[in-house]
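Spelled out, the chains give:
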Amino acid sequence: MHAPGTSEPRMEASHPCDTIAPVTDDAILAGLDPEQRAVAEALDGPVVVLAGAGSGKTRAITHRIAHGVATGRHEARRTLAVTFTTRAAGEMRLRLRDLGVEGAQVRTFHSAALRQLRYFWPRLSGGEFPELLPSKARLVAEAASRCSVPTDMATVRDLSGDVEWAKVNFLSGEEIGKRAAEVRRTLAVPPPAMAAVLDAYEQAKSARGLLDFEDVLLNTAAALDRRPDIADEIRSAYRWFTVDEFQDVNPLQRYLLRMWLGDRDDVCVVGDANQTIYTFTGATPSYLTNFRRDFPDATEVKLERCYRCTPEIVQWANGIMVDGSPSSLTLVSQRPAGPSPVIQEWSDDLEEAAQIAAAVKAHIAEGVPARDIAVLFRVNAQSEVLEEAFAEAGIPVMLRGTERFFERPEVREAVTRLRGAARAGEVSGPLGEEVRAVLSAAGWTPEPPRTAGAVRERWESLTALVSLADDLGPGLEESLPAFITELDARAAAQHAPVADGVTLATIHAAKGLEWPIVFVIGCSEGLMPLSYAESDDQIEEERRLLYVAVTRAADRLTLSWARSRHAGGRASRSLSRFLQDLRVGDVPVAGRAGIAHRGSGRRRTERKQKAPARCRVCRKGLVTAPERTLGRCSSCPSDVDEGLLESLRAWRLNLSREKSVPAYVVFTDVTLIAIAEQRPQDLDALAEIPGVGPKKLAEHGDAVIGLVLERA
Ligand code: ATP
Ligand code: MG
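Once a new chain begins, its residue numbering starts again from 1 and follows that chain's sequence as written. Each chain is given a letter, starting from A, and each ligand a number, starting from 1, according to the order in which they appear as written. Per-residue local features are limited, in this predicted model, to residues with pLDDT of at least 70; the limit for side-chain atom pairs, both in listing and counting, is 80 or more; totals at the level of whole chains, interfaces and linings are taken over all residues. For side-chain calculations, the full set of non-hydrogen atoms in the structure is used, while hydrogens and water are omitted.

Asker: Explanation requested: the site of ligand 1 in the structure shown.
Answerer: The full set close to ligand 1 counts 19 residues, and Lys57, Gln275, Arg308, Glu514 and Arg552 are the nearest of them. The backbone of serine 55 places a nitrogen or oxygen atom 3.2 Å from an oxygen atom of ligand 1. Throughout this description, a polar contact denotes any pair of N or O atoms lying within 3.5 Å of each other; where both atoms belong to protein, one of them has to be capable of donating a hydrogen while the other can accept it, and for residues adjacent in sequence the pair is counted only when both atoms sit in side chains. In the environment of ligand 1, an oxygen atom lies 2.8 Å from a nitrogen or oxygen atom belonging to the side chain of arginine 308. Where accessible areas are quoted, they stem from the Shrake-Rupley method and a 1.4 Å probe; at the residue level, only the protein chains shown are allowed to cover. Coverage of ligand 1 by the protein chains reaches 83% of its 640 Å² of free accessible surface. Per-element tally for the shell around ligand 1: the top contributor is helix α3 (residues 57–70), with 3 residues. Consider each residue's heavy atoms; a residue with any of them within 4 Å of a molecule or strand counts as near. Every helix listed is a DSSP run of H or I at least four residues long, and every strand listed is a run of E at least two residues long, numbered separately from the N terminus.

Asker: So what exactly am I meant to see when it comes to the nonpolar core here?
Answerer: The nonpolar side chains of a soluble globular protein tend to be buried with one another. Only buried residues count toward a nonpolar core, which is a set of Ala, Val, Leu, Ile, Met, Phe, Trp, Tyr and Cys residues joined through side-chain atoms within 4.5 Å. Three exposure classes are used, based on accessible area relative to the maximum for each residue type with a 1.4 Å probe and protein chains only: buried under 20%, partly exposed in between, and exposed over 50%. Formed by 45 residues in total, the largest nonpolar core has its most connected members in Leu376, Val520, Leu546, Leu559 and Leu579. Elements represented by at least two residues in this core include exactly α15 (311–321), β12 (373–377), α22 (507–510), β15 (515–520), α23 (536–550), β16 (553–564) and α24 (577–580). For this core, the element with the most residues is α23, which contributes 7 residues. Listed in part, the 41 residues of the second largest apolar core include Val82, Phe241, Leu252 and Phe295.

Asker: Quick question: what am I supposed to make of unusual backbone geometry here?
Answerer: Cis geometry is found at the peptide bond from methionine 528 to proline 529, where omega equals 5°. Mapping proline 529 onto the fold places it in the loop between β15 and α23. At glutamate 245, a position not held by glycine, the phi torsion is positive, near 50°. Note that glutamate 245 resides in the loop between β6 (240–243) and α12 (251–261). In this structure glutamate 245 comes out as buried when scored by relative accessible area, which is 12%. With phi around 45°, arginine 679 is a residue other than glycine that occupies positive phi space. Tracing the backbone through its elements, the reader meets arginine 679 in the loop between α29 (669–678) and α30 (683–687).

Asker: Please explain the packing of aromatic side chains as it appears in this structure.
Answerer: Here a ring pair, both rings aromatic, is described through the centre-centre distance and the interplanar angle of the planes. For Phe, Tyr and Trp, rings pair up if their centres lie within 6.5 Å, where Trp contributes its six-membered ring, and each pair is then called stacked (planes under 30 degrees apart), edge-to-face (over 60) or tilted (otherwise). Tallying each qualifying case throughout the model produces 11 aromatic pairs. Consider the rings of tryptophan 121 and phenylalanine 129, whose centres lie 5.3 Å apart with planes at 80°: the pair is edge-to-face. Measuring from ring centre to ring centre gives 5.9 Å for tyrosine 278 and phenylalanine 280, while their planes differ by 25°; the resulting arrangement is stacked. The partly exposed category is assigned to tyrosine 278, whose relative accessible area is 25%. Of the residues examined, phenylalanine 280 reaches a relative accessible area of 40% and is grouped as partly exposed. Positioned over the ring face of phenylalanine 84 is lysine 511, at 5.5 Å from the centre of the ring. Only lysine NZ and arginine CZ atoms are considered, and such an atom sits over a ring when it is within 6 Å of the ring centre and within 35 degrees of the ring normal.

Asker: Is there a simple way to explain the sheet that holds strand β7 (residues 267–271) in this structure?
Answerer: Strand pairing within a sheet occurs via backbone hydrogen bonds; the two strands may be parallel or antiparallel. For two strands to be treated as a pair, DSSP must find at least two bridges joining them. Taken in spatial order, the 6 strands make up an open sheet running β3-β2-β6-β7-β1-β8, and their pairing is parallel. The open sheet has two free edges, formed respectively by β3 (105–108) and β8 (299–303), since each of these has just one partner strand. In this sheet, adjacent strand axes meet at a mean angle of 15° when their direction is disregarded. Of the pairings in the sheet, the one linking strand β2 (residues 79–83) to β6 comprises 4 bridges and is parallel in character. In the strand pairing of β6, alanine 81 is matched with threonine 242. Sheet strands in contact with α3 are β1 (47–51), β2, β6, β7 and β8, and its direction is about 165° off that of β7. For every element, the axis is a line fit to its C-alpha atoms; helices are fit only across the contacting stretch, and the angle between N-to-C directions ranges from 0 to 180 degrees. The contact rule is simple, with two residues in contact once any of their heavy atoms fall within 4.5 Å.

Asker: In this structure, what is going on with the pairing of β7? I would like to understand it.
Answerer: The two faces of a sheet get side chains in turn, since along a regular strand they alternate between them. A large share of β7 lies buried, amounting to 5 of its 5 residues. The pairing of β1 with β7 spans 4 bridges and is classified as parallel. If you follow valine 49 over to β7, its bridge partner there is valine 270. Following the chain from β6 across α12 to the adjacent parallel β7, one finds a crossover that is right-handed. Looking down the strands as they point away from you, a crossover is right-handed if its path from the first strand over the helix to the second goes clockwise.

Asker: Hey, could you run me through helix α5 (residues 109–125) in this one?
Answerer: Taking 1.5 Å per residue, 17 residues should reach 24 Å; α5 reaches 22 Å between its end C-alpha atoms and fits that length. Working definition for bend: take the seven residues up to and ending at a residue and the seven starting at it, fit an axis to each, and measure the angle between the axes. Maximum bend of α5: about 45°, positioned at tyrosine 119, with proline proline 122 one to four residues after it. Here, expected helix span is obtained from the residue count minus one, scaled by 1.5 Å.

Asker: What's the story with the packing of α3 against helix α4 (residues 86–98) in this structure? I'm lost.
Answerer: Each pair of packed helices can be described by the angle between their axes along with the distance between the axes. Contact pair α3 / α4: the axes reach a minimum separation of 10 Å and the direction vectors enclose 50°. By the criterion of interaxial angle, the relationship of α3 to α4 is oblique. Both α3 and α4 take part in a crossing whose hand is right-handed. Across the interface between the two elements, Thr58, Arg59, Ile61, Thr62 and Ile65 of α3 pack against Met92, Arg95 and Leu96 of α4. Amino acids outside the nonpolar list (Ala, Val, Leu, Ile, Met, Phe, Trp, Tyr, Cys, Pro) and the charged list (Asp, Glu, Lys, Arg) are all regarded as polar, and Gly is one of them. Considering only residue class, the contact of α3 with α4 consists of 4 nonpolar, 2 polar and 2 charged. Roughly parallel covers angles under 35 degrees, roughly antiparallel covers those over 145, roughly perpendicular covers 65 to 115, and oblique covers all other angles. Helix crossings fall into two classes, left-handed where the near helix is turned counterclockwise from the far one by less than a right angle and right-handed where it is turned clockwise.

Asker: Is there a simple way to explain the environment of glutamate 457 in this structure?
Answerer: Within the secondary structure layout, glutamate 457 lies in helix α20 (residues 453–472). Along the chain, glutamate 457 and asparagine 380 lie 77 residues apart, while their C-alpha atoms are 6.6 Å from each other. For glutamate 457, the contacting residues outside a window of four places in its chain are Arg157, Val379, Asn380, Ala381 and Glu410.

Asker: Which parts of the structure should I look at to understand the pairing of β6?
Answerer: Here β6 shows no split at all, with Trp240 and Thr242 on one side and Phe241 and Val243 on the other all buried. Across 3 bridges, β6 lies against β7 in parallel orientation. Residue pairing for β7: valine 243 is matched across the bridge by valine 269.

Asker: What should I look at first to understand the state of the cysteines in this one?
Answerer: Think of a disulfide as a covalent bridge from one cysteine sulfur atom to another cysteine sulfur atom. Working definition: a disulfide is two cysteine sulfur atoms within 2.5 Å of each other. Counted under the stated rule, the structure contains 0 disulfides. Free cysteine: cysteine 306, not disulfide-bonded; nearest cysteine sulfur from cysteine 309 at 3.7 Å.

Asker: What is the right way to read the confidence of the model for the protein chain from this model?
Answerer: Do not read the predicted coordinates in detail wherever pLDDT is low. Mean pLDDT over the protein chain stands at 85; residues scoring 70 or higher make up 89%. Confidence scores here are pLDDT values: one per residue, from the predictor, ranging 0 to 100. β15 holds the highest mean pLDDT among the elements of the protein chain, 98, whereas helix α25 (residues 598–609) holds the lowest, 34. Across residues 1–19 the pLDDT falls below 50, and counting only partners more than four positions away or on other chains, this stretch makes 41 contacts in the model. Every residue in residues 592–612 scores below 50 in pLDDT, and together they form 32 contacts with partners more than four places removed in sequence or on other chains.

Asker: Help me understand the pattern of salt bridges, please; the structure alone is not making it clear to me.
Answerer: Side-chain pairing between opposite charges can occur once the charged atoms of the two side chains come close. Just to be clear on terms, a salt bridge is a Lys or Arg side-chain nitrogen sitting within 4 Å of an Asp or Glu carboxyl oxygen. According to the stated counting rule, one finds 41 salt bridges in the structure shown. Note that arginine 305 is salt-bridged to glutamate 35, the shortest N-O span being 2.8 Å. Within this pair, whereas arginine 305 is found in strand β9 (residues 305–306), its partner glutamate 35 is found in helix α2 (residues 34–41), the two being separated by 270 residues in sequence. The salt bridge involving lysine 167 is made with aspartate 212; its shortest N-O contact spans 2.8 Å. Linking lysine 167 in helix α7 (residues 153–168) with aspartate 212 in the loop between β5 (210–211) and α10 (213–226), this pair joins segments that are 45 residues apart in sequence. Overall, the relative accessible area of 8% leaves lysine 167 in the buried class. Members of the salt-bridge network, linked through shared partners, are Lys136, Glu164, Lys167, Glu202, Lys205, Asp212, Glu214 and Asp215.

What follows is the structure in structure tokens.
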């Protein structure tokens, strides 16, 4: 019998050109600073690296593996490096290849455990390897229904999160309530019901012979714990262990690591307590910070030089953590000075998204590759307005850690409901009210839920649809069918997959990654920290999320926030407390002219140059974006030239077919109506209509003026 890890076909990404250039040990060590070198040279016994963001953790541990192999003190084939995502594992493999290491295993906890469990399964049970549950949702819903617990999608998703949390913490049904209270976790349902659901879920799963994600780790660790024959084989197959992002290890993963090690201590762990952002799933940085309690002889190295970010960005990152840092690390940038980070204040979410799309477009026009730019946000639903603004600006995007807005289950369900209501033809008021009524029947409430997680994400998604209805209503003549057509067009525009583009990602999904230019949106109270965060621990996790976001930026960082969710809405938001409190040197950042409000200052100047937005019929001030585009209140009579509107629509349809883009990408309905009402006779007059930017003016100006003059 072969040992695991040597008998199966290798599962790492295989590369067509598998010849690896020899790299000398001197070359391996030459690329390291003294502390990183100390990590690489600590080849025996336990090692803990406490390292700040961008300090070269991955670099240090990959070089350590390479140095161990090059000197013959470690065997590549008996080396296992564990990371948290398959993407991170892929990147580490590539770096090891570049260092001439062949045959080391780089895996996620899950894939490493799964491989071992599959291998030993015949000996453990004698049967076929069980089917793996790709998602808990179906069985959790079944269990919930059996326990008379609500089975709507959001509750099922939150219940699944609670089941996972209970399992990685080894909690029995009776212990769930007590522990949840200790860590101030809000469970989806009261503890007795939660215990019943957990029990019913486990029963349903084992009755069908299925394994979930946690079972893979639990069974592997249990096999190592209870079967000396299996433990011997695995431990002789893997001798040297490395774990990246150790601050986010949960009790179950740590148990598995201990089982892999047995009574040996050849383990190197790397992490940054300031970047702990998964405590809600059961992760804890205490394994990292107390590593020397478990391994008193461990070599401890601190990395505080930041090679990623400019000194300005590092100053801001340090400032954000100054009161809340769970580690004693202070980052020091190794890079030349760069531009100071900027906080921009915008009036509403739409304006924020549109301005960022414009800024991104300007960077791309200057020659910055789209893949060097990222826009980061706290919750999935924030991507909707961004996806929209980027589609309108014709900028390709790649989403990470979130589904495209219109592909999310709750959005699909909501659109189906709206379609049903539109078909039933029960339209009786402003579009926003219609949409509110339909979505209220699906459980939407005007007030946000008091929890994070799936319930909150679902609420945010539905609220994004309500906001869209409020914003578009007047332009769509308050018609639900027109709204559905608009949603379909937007979904189609966002659907197109791209190979390269600007990254739109949640901060969680951005962990470990870096980009030269980063925008962090939604830096306001309620989003950062998210309003659900009430306890000090929850607030501190939100602070660390902002720290992670800020330290993704290498050269340029823009933090922005919007005073209100809607165009014309009440300016109820305020700047994030993490930025209000932020001081660089002794100077409070939020009060520094030229930095803090550069965005809003510029915006105010731009506004000043334009005539105040007043209704050209009744002269009242205009509030909503569509009203501003139309130049009149939605309730004031329209003087639209129907014939012109028709010919504009026909022209737009032809063009959108020709270019295979949705019609609104050419011009939105509101803009067409505004043109058909105001009938601009030349390019200057056309440029006055909001929604006709310089690019659209250059592209379509002549055609549109041609159509207007034809009717004159
Ligand atoms: P994070 O905390 O975000 O996970 P990290 O500590 O893992 O960051 P790396 O991603 O390994 O940091 O490195 C950050 C950047 O700094 C990378 O672009 C890397 O190539 C560069 N870097 C690291 N160490 C050095 C060094 N000694 N000399 C030059 N560049 C370095
Ligand atoms: Mg890293």
